[in-house]
Amino acid sequence: MWKEDQITNVLNLTMKNNSFLKSAAKPWYIKYIISLFLVAVATGLKLSFFYSLGSKTPFLLYFAVIIIVVRFYGKWPAVFACILSTIVINYFFFPPYYSFSIKENDALQLIIFLLECFLLAYTGDSLGKVVNHVAETQRTFKVLIEKSSDGVMMLKLDGHITYSNPAVWKITGYTSEDFKSLDFWAMLVHEEMSYVKEKFYNSASHTDRSIKVQHKIIHKLGHPIWVESTITNLIEEPSVKSMVVSFIDVTERVVRDHQMEDFIGVASHELKTPLTSLKAYTQVLEMRMKKEENVTSAILVNKIDKQINRVVSMIFDLLDVTKLQSGIMHLNKVHFDLNDLISEITDSMQNPGQKHQIITEPGPAVIINGDKDRIGQVLINLLSNGMKYSPDANSIHVFTKIEDNFIVIYVKDNGIGISREEIDKIFDRFYRVGNVKESFQGLGLGLYISSQIVVRHGGRMGVSSEENKGSVFWFSLPL
Ligand code: ADP
């Protein structure tokens, strides 16, 4: 019997592009005719050996025919070749030659030969399928990588680039020829070099670790481009044994973000300045009116002041949404005492003569690492909503609890509540519950902004509510 590697070698040889043998687009019977032809050739060769060597000529030629047939035409033509070979061998090569032998010993030998042929046909067929599948998969992946719009590079630990796909050449302007003498570091800008190297070696020191990093690359023509790279450590992967850097060109997005950031900066400054003056004037005016005991005018000016406050808060909400949308809301994280923040806010919101009383229950003392102003903004939003949407109630409760590794801040009101159908939508941008639109003013942005702030701190936000009974809004922050 043949060894497995011999069979594989023959298979590999026969796999090479052979248009004569390839079965595509040929009628089905051609496979059987070619099988017949190959058996005939093998028999012809064997007969020529037979005259010089006698009956000791090898049967391996038939095995070779079967391997070729199974590789190109599959199992059934191979089975046909097996049976045909057995008949031919019996007729030509077993005594009495040129007639069929019916001796028991010969029959046994032929049965063994036939079984070996079947086995070969079967294993050859399975092996062929596996080989085809592997080749197909390799082709698919090659096409995927070659046609991908993401740049993909394989790198050695010293930054030497051993493979780059066409997208890399398109994005960077360099070709695989350039990369023979140019390493990855040479494409980086000087200021970012140590930062990107740190990320690279951080990934290199952990198997299977992927790290995302946004950085600049100098195009071959000299101008910078912004890319978002994912560095993956596949050194332990036997088929790759490299660091893999895949990246996309984000230049357009970065330029747009910078423009947006500039716009937000200018817009908020330009809007804030006149509104601050307006507010200062109305306050002076209100004081004057009060002094002159012009009560009606003082009330009117106070109303103007309130409307200015509303405009200011709406402008800030719109600017916050723009920042969130373009991913440029920066958090200035510091460590602070949560209970101090809660008291600061509740004290500032508890005005004399105000209908609602804010009742704070003492909670666990915790230090939070977060943006104090932004977390304060979330609490202010929940408290002002609590007051706004509970016109008939006169208290709002604030309390905190530690749950798992989070501190959860609750704001409870006894207001109009939210129906079950609407409750999932209230954190969406610009969403306002149907029945409040007429009676309560608002843009439907406060909860959206608040939930995004909480998520950016690694926490969650939620609500439980019953219509006409009240709501409990909560948000959690990691400890
Ligand atoms: P706004 O209050 O400006 O409409 P929010 O994003 O703060 O925007 O709230 C979205 C919607 O959620 C509100 O329009 C209201 O319908 C509902 N809502 C928020 N807080 C409460 C509350 N405490 N009780 C009842 N409904 C609420």
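**Details of the sheet that holds strand S5 (residues 242-249)**
Through backbone hydrogen bonds, the strands of a sheet pair up, either in parallel or in antiparallel fashion.
Part 1 of the argument: The five strands lie next to each other as S2-S1-S5-S4-S3, forming an open sheet whose pairing is antiparallel. Strand pairing shows two members of the sheet lacking a second neighbour, strand S2 (161-164) and strand S3 (210-218), which therefore form its edges. Averaged over all adjacent pairs, the angle separating strand axes in this sheet is 25 degrees, with direction ignored.
Part 2 of the argument: Relative to S5, strand S1 (residues 151-155) is paired through five bridges, and the arrangement is antiparallel. Pairing of leucine 155 across the sheet is with methionine 243, part of S5.
Part 3 of the argument: The sheet strands contacting helix H7 (residues 193-204) are S1, S3, strand S4 (224-234) and S5, and the helix crosses S3 at an angle near 150 degrees.

**As for the pattern of salt bridges**
Side-chain pairs of opposite charge can arise where the charged atoms are in close proximity.
Part 1 of the argument: On inspection of all chains with the given rule, the structure shows 10 salt bridges.
Part 2 of the argument: A salt bridge links arginine 139 to glutamate 136; its shortest N-O distance comes to 2.9 Å. You can see arginine 139 and its partner glutamate 136 sitting in helix H5 (residues 104-147), three residues apart, about one turn around the helix.
Part 3 of the argument: A residue is classified by how much of its surface remains accessible, and glutamate 136, at 43% relative accessible area, is partly exposed.

**Some points on the packing of aromatic side chains**
Part 1 of the argument: Applying the stated criterion across every chain, the model contains 18 aromatic pairs.
Part 2 of the argument: Relative to phenylalanine 113, the ring of tyrosine 62 has its centre 6.4 Å away and its plane inclined at 85 degrees; by these criteria the two rings are edge-to-face. With tyrosine 62 in helix H3 (residues 60-73) and phenylalanine 113 in helix H5, this pair connects stretches of sequence that are 51 residues apart.
Part 3 of the argument: Tyrosine 62 sits in the buried class, given a relative accessible area of 0%.
Part 4 of the argument: A relative accessible area of 6% means that phenylalanine 113 is categorised as buried.
Part 5 of the argument: Seen from their ring centres, tyrosine 174 and phenylalanine 179 are 6.0 Å apart, and the 50 degrees between their planes marks the pair as tilted.
Part 6 of the argument: Accessibility expressed as a relative area gives 12% for tyrosine 174, which makes it buried.
Part 7 of the argument: With a relative accessible area of 1%, phenylalanine 179 lands in the buried category.
Part 8 of the argument: Through successive ring pairs, a cluster of aromatic residues spans Tyr91, Phe92, Phe93, Tyr98 and Phe100.
Part 9 of the argument: Across the ring face of phenylalanine 72, the terminal group of arginine 71 is positioned such that the distance to the ring centre comes to 5.8 Å.
Part 10 of the argument: Note that arginine 429 overlies the ring of tyrosine 448, its terminal NZ or CZ placed 5.9 Å from the centroid.

**Thoughts on the sheet that holds strand S7 (residues 357-360)**
Part 1 of the argument: Within the open sheet, the five strands sit side by side as S7-S9-S10-S12-S11. Their pairing is mixed. Unpaired on one side and paired on the other, S7 and strand S11 (461-466) mark the two borders of the sheet. Taking each pair of neighbouring strands and ignoring which way they run, the sheet shows an average axis angle of 20 degrees.
Part 2 of the argument: Strand direction decides the pairing type here: strand S9 (residues 395-403) and strand S10 (residues 406-413), joined by eight bridges, are antiparallel. Along S10, the bridge assignment pairs valine 398 with valine 411.
Part 3 of the argument: Strands in contact with helix H12 (residues 446-456) are S11 and strand S12 (470-478); relative to S11, the strand with the most contacts, it is inclined by about 135 degrees.

What counts, and at which threshold
- Residues numbered from 1 in each chain as written.
- Predicted model: local features only at pLDDT ≥ 70, side-chain atom pairs only at ≥ 80, totals over all residues.
- Heavy atoms only, no water.
- Pairing = 2+ DSSP bridges.
- Helix = DSSP H or I, 4+ residues; strand = E, 2+ residues; numbered from the N terminus.
- Axes fitted to C-alpha atoms, helices over the stretch in contact; angles between N-to-C directions.
- Contact = heavy atoms within 4.5 Å.
- Salt bridge = Lys/Arg side-chain N within 4 Å of Asp/Glu carboxyl O.
- Buried < 20%, exposed > 50% of the residue type's maximum accessible area, 1.4 Å probe, protein only.
- Phe/Tyr/Trp six-rings, centres within 6.5 Å; stacked < 30°, edge-to-face > 60°.
- Lys NZ or Arg CZ within 6 Å of the ring centre and 35° of its normal.

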